[in-house]
Amino acid sequence: MTRKVRRITATPVSGIGNNPQIVPSSSSAESRDNHLTLRRVVRQQCLIEILADSPIPLSTKVLAEKLRVSVRTVERDRRRLVSSGVPIVSVPGTNGGSRLPRHTRPSPVNLSFEEIAALIAALAALGPTETDSADSAMKALVAAISPAQTAKEAER
């Protein structure tokens, strides 16, 4: 019995994250969907970080230029983030745009083991090293549930 093996070649694609993205050249709908999901997640993370770093509201056009996507894509991402609970504020007027409320430091987050596990699984599925922030978040989450970290906390 002979098996027919289908070769899948990969083509580098410029991405928003730090790592070049490799997209399978196959026309598999699942492969395309996974790639688009990853790109959207990285883009939305970058959108939140850009808004958090800006002292002034940024127009959709400026955000689109920074993310190298269309205005429509930024509007869609913004709506998705707002509906997920991200506190993006719209500022009307000539110098208006989108912004995040200013915080000097984020509030501490207390998570259960199950919540940490959910975040680790989500990051692992999306690519824990896609951005520097995702990489450091993964390391912090893993450290929070590692036995060495738990032992250090017990000694205190």
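Just above sits the structure.
Residues numbered from 1 in each chain as written. Predicted model: local features only at pLDDT ≥ 70, side-chain atom pairs only at ≥ 80, totals over all residues. Heavy atoms only, no water.

Participant: Just checking my understanding: could you explain the side chain of S98 for this structure?
Facilitator: By the element assignment, S98 lies in strand β4 (residues 97–99). Since its relative accessible area comes to 5%, S98 is described here as buried. Polar contacts involving the side chain of S98 include one to the side chain of R78, which spans 2.9 Å. Setting aside its immediate chain neighbours within four residues, S98 contacts L51, P57, L58, L63, R78, I88 and V89. (Helix = DSSP H or I, 4+ residues; strand = E, 2+ residues; numbered from the N terminus. Buried < 20%, exposed > 50% of the residue type's maximum accessible area, 1.4 Å probe, protein only. Polar contact = N/O pair within 3.5 Å; in protein donor to acceptor, adjacent residues only side chain to side chain. Contact = heavy atoms within 4.5 Å.)

Participant: What is the right way to read the nonpolar core from this model?
Facilitator: Inside soluble globular proteins, nonpolar side chains tend to come together where they are buried. Grouped together as the largest cluster of nonpolar side chains are 15 residues, with contacts concentrated most on L47, L51, L63, L67 and I88. Looking at this core, the elements with two or more residues in it are α1 (29–53), α2 (60–67) and α3 (71–83). Looking at which element gives the most residues to this core, the answer is α1, with six residues. Dropping the residues within four chain positions of it, L63 is found in contact with L47, I50, L51, L58, V74 and S98. Of all hydrophobic cores here, the second largest spans six residues; its members include I120, A134, M138 and L141. (Core = buried A, V, L, I, M, F, W, Y, C linked by side-chain atoms within 4.5 Å.)

Participant: So what exactly am I meant to see when it comes to α2 here?
Facilitator: An α-helix turns once per 3.6 residues; consequently, residues spaced three or four apart project the same way. What α2 keeps buried is the set L63, A64 and L67. Each buried residue of α2 lies within a common arc of 100° when the element is viewed along its axis, so the set occupies one face. With respect to the buried face of α2, the exposed residues turned more than 90 degrees away are K61 and E65. Looking at the residues trailing α2, positive phi occurs at R68, about 60°. (Arc of directions from axis to C-beta.)

Participant: I tried to follow the layout of surface pockets on my own but got confused; where do I start?
Facilitator: A water-sized probe rolled over the atoms picks out the places where empty space is left. Here the largest pocket is characterised by a volume of approximately 770 Å³. Lining of the largest pocket is provided by 22 residues; of these, Q45, L119, L123, A134 and A137 occupy positions nearest its centre. Per-element tally for the lining of the largest pocket: the top contributor is α1, with seven residues. Each pocket or cavity is described by its volume, and for the second largest pocket that value is around 360 Å³. What lines the second largest pocket is simply I48, A52, V86, P87, L100, P101, R102, H103, R105, P106, S107 and V109. For the lining of the second largest pocket, the per-class residue count stands at eight nonpolar, two polar and two charged. (1 Å grid on protein atoms, 1.4 Å probe; cavity = no way out; pocket = protein on both sides within 12 Å on 5 of 7 lines; lining within 4 Å. Points joined across faces, edges and corners; volume = space filled by probe spheres on them. Nonpolar A, V, L, I, M, F, W, Y, C, P; charged D, E, K, R; others polar.)

Participant: Any chance you could explain unusual backbone geometry here in plain terms?
Facilitator: Among all residues except glycine, the phi angle is most often negative; among peptide bonds, the trans geometry is most common. Backbone geometry at R68 places phi at a positive 60°, although glycine is not the residue there. For R68, the position within the fold is in the loop between α2 and α3.

Function cannot be inferred from these measures alone, as they are strictly geometric.
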